[in-house]
Amino acid sequence: MSNYTNKKAVPEARAALDQFKYEVASEIGVPLKQGYNGDLTSAQNGSVGGYMVKKMIEAQERQMAGNSGYQPGR
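Right, let's walk through the structure included here.

1. Let's talk about the nonpolar core
Stage number 1. If you look at the biggest cluster of nonpolar residues, it comprises eight residues: Phe-20, Val-24, Ala-25, Val-30, Leu-32, Leu-40, Val-48 and Met-52.
Stage number 2. Counting only elements with at least two residues in this core, the list comes to helix H1 (14-28) and helix H2 (42-66).
Stage number 3. Ranked by residues supplied to this core, first place goes to H1 with three residues.
Stage number 4. Beyond its immediate stretch of four places on either side in the chain, Ala-25 contacts Val-30, Leu-32 and Val-48.

Okay, structure coming up:
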């Protein structure tokens, strides 16, 4: 039996994450639409998720570099 659930860590972020997903899909040319997207390939869907993660990591790195006293290795 699997313990996996598809719950958001911060449920209040659902709308923002959905908007972000559609923005990313548009940026990379994936025709993602609200509702059924079964006509998209797994590669297309995976590229949206992968690019979302890349952009979130970049944003966090910028925040850590400019907005906090955090210095790795100290």
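More follows now that the structure is in view.
2. A word on the pattern of salt bridges
Stage number 1. One pass over the full model with this rule turns up three salt bridges.
Stage number 2. Between Lys-21 and Asp-18 there is a salt bridge; the shortest N-O distance is 3.7 Å. Of this pair, Lys-21 and Asp-18 both sit in helix H1, separated by three residues, roughly a single helical turn.
Stage number 3. For Lys-21, a relative accessible area of 28% puts it in the partly exposed group.
Stage number 4. On the basis of relative accessible area, Asp-18 is assigned to the partly exposed category, the value being 29%.
Stage number 5. Glu-27 serves as the salt-bridge partner of Lys-55, at 3.1 Å between the closest nitrogen and oxygen. Taken together, the residues Lys-55 in helix H2 and Glu-27 in helix H1 connect sequence positions 28 residues apart.

Calculation criteria
- Residues numbered from 1 in each chain as written.
- Predicted model: local features only at pLDDT ≥ 70, side-chain atom pairs only at ≥ 80, totals over all residues.
- Heavy atoms only, no water.
- Core = buried A, V, L, I, M, F, W, Y, C linked by side-chain atoms within 4.5 Å.
- Buried < 20%, exposed > 50% of the residue type's maximum accessible area, 1.4 Å probe, protein only.
- Helix = DSSP H or I, 4+ residues; strand = E, 2+ residues; numbered from the N terminus.
- Contact = heavy atoms within 4.5 Å.
- Salt bridge = Lys/Arg side-chain N within 4 Å of Asp/Glu carboxyl O.

None of the figures reported here should be taken as evidence of function without further support.
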